[in-house]
Amino acid sequence: MSKHTYYIGMESSNGYVKSTSSVNVGEVDTYLNTLTTIKDPNVYLASQSRIENLDHKVNRDKSNDVYEIIAGVDPKPTYYKVGQRPTTDDIKGFSEEGTSKYSRKEWIAANLIAVYRQLENEDFRGCTINLVTGLPTNHSVDTELKQDIINSLTKTYTVNGRNLRISNVSILPQADSSFFNDLLDFEGKLNEEFLNDVTSEDEDQQTTILYYDIGYGTTDVKTVVDFAIDPIRKKELAGMEKQFVDMMDVAIGENALLADAELLLVEKQLRKHGNLDVDGIKVDIVAERNEILERFAEEIVDVIEKAPFKKMKINEHRFVGGGAIIMEDYVMKALKNKYVKNKSQIDKYKFIKGEDENYLQFTNCLGFYKMCVKKYSK
């Protein structure tokens with residue numbers, strides 16, 4: 001690949017931002033999808049000074065980095081941090097379901113920062129920067145919305161004193177990208193090992209795969225038939241956010257002081273256990289958490305009994321997304337209950353693994369990167 005061309009894959013989901021690029025192929029930068037407005041420019045200057053004085057800038061902890069953004073002809077800069085858990089009104093998340101967030105300068109800034117973090121150690125002046133990212137399935141069908149986002153992202157901005165202009169942007173449905181991650185290698189070529197592993201042994205039979213992308217906002221179930229995404233056979237279920245909301249309802253019932261706690265503030269604890277400690281307020285909802293996740297797992301595994309998947313012969317069920325890390329044990333338990341007399345069916349269900357224990361969280365981002373290489377390296 002030319003050093004003057006960069007390829008970036010990015011997922012700006014309701015929960016987390018994930019990005020990777022041709023600078024460090026396969027390494028994913030991830031952090032909570034929040035933006036903190038910094039009102040004092042001196043905080044930015046102090047951040048820059050701290051970075052300059054570090055011996056190892058590349059692998060530093062970026063949690064306290066401040067970013068200066070100047071948009072277009074407006075010379076007035078704005079300053080932000082990313083990835084902080086909401087504790088004040090200055091810290092904004094992007095988990096709302098509507099499309100209005102995509103036109104806000106904060107959302108554009110959050111995306112620009114993710115791109116800049118990939119390239120900050122590069123001399124990207126005059127270089128071609130290609131980006132593939134995604135939208136939730138129901139938003140990705142809105143062609144006008146996608147074009148508005150592309151127009152916003154491909155303007156020239158100044159980030160930390162450096163001109164940044166993304167040359168090309170493509171937007172895909174988020175739920176499709178994990179399939180692309182399986183289908184392609186990092187050079188954008190077909191992954192023969194994957195094709196051989198999942199292709200039906202019967203030459204006269206279609207190869208049908210179901211992908212379960214358990215995300216923060218939604219769980220998208222997509223069908224792939226003979227290695228092409230089926231645009232009709234798909235279904236959207238609730239995601240992990242709904243499960244966390246149900247858990248918090250239980251916790252608030254135990255202690256009303258938790259009613260003001262932002263969901264993203266306690267989400268990290270809810271992912272791991274039900275022993276909550278929020279600013280010294282402690283609540284035990286371990287049993288209720290397990291019940292909520294067990295019901296959710298049953299809903300997921302029962303989806304094949306309903307339209308449009310009913311009576312389909314499925315070669316493999318593949319689970320991806322950050323929520324799959326939490327749900328694996330619960331889904332496997334639900335499958336054992338479902339297939340008491342047909343245990344061989346359980347072998348068709350796969351939780352995709354990688355060298356990183358959080359690989360399931362990265363599959364969409366990696367798929368976007370591979371599609372970026374495939375599309376723009378021609």
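What comes next is a walk through the structure.

About the criteria used
Residues numbered from 1 in each chain as written. Predicted model: local features only at pLDDT ≥ 70, side-chain atom pairs only at ≥ 80, totals over all residues. Heavy atoms only, no water. Buried < 20%, exposed > 50% of the residue type's maximum accessible area, 1.4 Å probe, protein only. Salt bridge = Lys/Arg side-chain N within 4 Å of Asp/Glu carboxyl O. Helix = DSSP H or I, 4+ residues; strand = E, 2+ residues; numbered from the N terminus. Phe/Tyr/Trp six-rings, centres within 6.5 Å; stacked < 30°, edge-to-face > 60°. Lys NZ or Arg CZ within 6 Å of the ring centre and 35° of its normal. Pairing = 2+ DSSP bridges. Axes fitted to C-alpha atoms, helices over the stretch in contact; angles between N-to-C directions. 1 Å grid on protein atoms, 1.4 Å probe; cavity = no way out; pocket = protein on both sides within 12 Å on 5 of 7 lines; lining within 4 Å. Points joined across faces, edges and corners; volume = space filled by probe spheres on them. Nonpolar A, V, L, I, M, F, W, Y, C, P; charged D, E, K, R; others polar. Contact = heavy atoms within 4.5 Å. Parallel < 35°, antiparallel > 145°, perpendicular 65-115°, else oblique.

**Quick notes on unusual backbone geometry**
Peptide bonds are mostly trans, and most non-glycine residues show a negative phi.
Thought 1: Geometrically, the link from Ala307 to Pro308 is a cis peptide bond, its omega value of 5° lying close to zero.
Thought 2: Positive phi, normally seen in glycine, also occurs at Phe227, with a value near 65°.
Thought 3: According to the relative accessible area criterion, Phe227 is partly exposed, its value standing at 21%.
Thought 4: One non-glycine residue, Asp279, lies in positive phi territory at about 55°.

**Focus: the pattern of salt bridges**
Thought 1: Counted under the stated rule, the structure contains 20 salt bridges.
Thought 2: Two residues, Asp90 and Lys39, come together in a salt bridge whose shortest N-O distance is 3.8 Å. On the criterion of sequence distance, the pair formed by Asp90 in the loop between strand S6 (78-82) and strand S7 (91-93) and Lys39 in the loop between strand S4 (34-38) and helix H1 (41-52) is long-range, its members being 51 residues apart.
Thought 3: A single salt-bridge network, built from bridges that share partners, covers Arg50, Arg60, Lys62, Asp65 and Glu120.

**Notes on the packing of aromatic side chains**
What describes a pair of aromatic rings is the distance from one ring centre to the other and the angle between the planes of the rings.
Thought 1: Counting across every chain of the model gives twelve aromatic pairs.
Thought 2: Between Tyr67 and Tyr116, the ring centres sit 6.3 Å apart and the planes meet at 80°, which makes this aromatic pair edge-to-face. A residue pair is termed long-range when its members are at least 10 positions apart, and Tyr67 in strand S5 (residues 67-71) and Tyr116 in helix H2 (residues 105-119) qualify at 49 residues. As far as the burial class goes, Tyr67 and Tyr116 line up, both buried.
Thought 3: A centroid spacing of 6.1 Å and a plane angle of 75° characterise the contact between Phe194 and Phe227, whose relative ring orientation is edge-to-face. With Phe194 in helix H6 (residues 192-198) and Phe227 in the loop between strand S13 (218-225) and strand S14 (228-238), this pair connects stretches of sequence that are 33 residues apart.
Thought 4: An aromatic cluster of three or more residues is present, and its members are Tyr212, Phe319, Tyr339, Tyr349 and Phe351.
Thought 5: For the cation-ring pair, Lys338 lies above Tyr339, with the distance from its terminal atom to the ring centre recorded as 5.8 Å.
Thought 6: In this structure, Lys370 packs its charged tip against the face of Phe186, placed 4.6 Å from the ring centre.

**Focus: the sheet that holds S5**
Thought 1: Read from one edge to the other, the open sheet built from six strands follows the order S7-S4-S6-S5-S9-S10, with strand pairing classed as antiparallel. Every other strand in the sheet has two partners, leaving S7 and strand S10 (162-165) as the edge strands with one partner each. On average, each strand axis in the sheet is inclined to that of its neighbour by 35°, with strand direction left out of account.

**As for the layout of surface pockets**
Thought 1: Considered as a void within the structure, the largest pocket measures approximately 1,000 Å³ in volume.
Thought 2: Taken together, 34 residues line the largest pocket, and the ones lying closest to its centre are Val28, Asp29, Thr30, Tyr31 and Arg117.
Thought 3: Broken down by secondary-structure element, the contributors of at least two residues to the lining of the largest pocket are strand S3 (24-32), H2, helix H8 (263-272) and helix H10 (322-338).
Thought 4: Looking at the lining of the largest pocket, the element that brings in the most residues is S3, giving seven residues.
Thought 5: Class assignment of the residues belonging to the lining of the largest pocket gives a composition of ten nonpolar, eleven polar and 13 charged.
Thought 6: Here the second largest pocket defines a volume of roughly 560 Å³.
Thought 7: Along the wall of the second largest pocket there are 39 residues; nearest its centre are Asn14, Gln174, Tyr216, Gly217 and Thr218.

**Points about the pairing of strand S16 (residues 281-284)**
Thought 1: Along S16, the buried face is formed by Ile281 and Val283; none of Lys282 and Asp284, which line the opposite face, is buried.
Thought 2: Of the pairings in the sheet, the one linking strand S15 (residues 275-278) to S16 comprises four bridges and is antiparallel in character. Paired with Asp277 across the strands is Lys282, a residue of S16.
Thought 3: Hairpin geometry of S15 and S16 is characterised by an intervening segment of two residues between the two adjacent antiparallel strands and by a positive phi of about 55° at Asp279.

**Some details on empty space enclosed by the protein**
Thought 1: Summed over the entire model, instances satisfying the criterion amount to one cavity of 30 Å³ or more.
Thought 2: Roughly 30 Å³ of volume is contained in the largest cavity.
Thought 3: Residue composition of the lining of the largest cavity, grouped by class: four nonpolar, two polar and no charged.

**Describing the environment of Lys282**
Thought 1: With respect to the helices and strands, the residue Lys282 is situated in strand S16.
Thought 2: Ignoring any residue separated from it by four or fewer positions in sequence, one finds Lys282 in contact with Leu276 and Asp277.

**Things to note about the packing of helix H7 (residues 240-254) against H8**
Thought 1: At a minimum axis distance of 10 Å, the contact between H7 and H8 shows a crossing angle of 95°. It follows from the interaxial angle that H7 and H8 lie roughly perpendicular. Residues Glu241, Phe244, Val245, Met247 and Met248 of H7 lie in contact with H8, whose contacting residues are Leu263, Val266, Glu267, Leu270 and Arg271.
Thought 2: When grouped by side-chain class, the residues that make up the contact of H7 with H8 number seven nonpolar, no polar and three charged.

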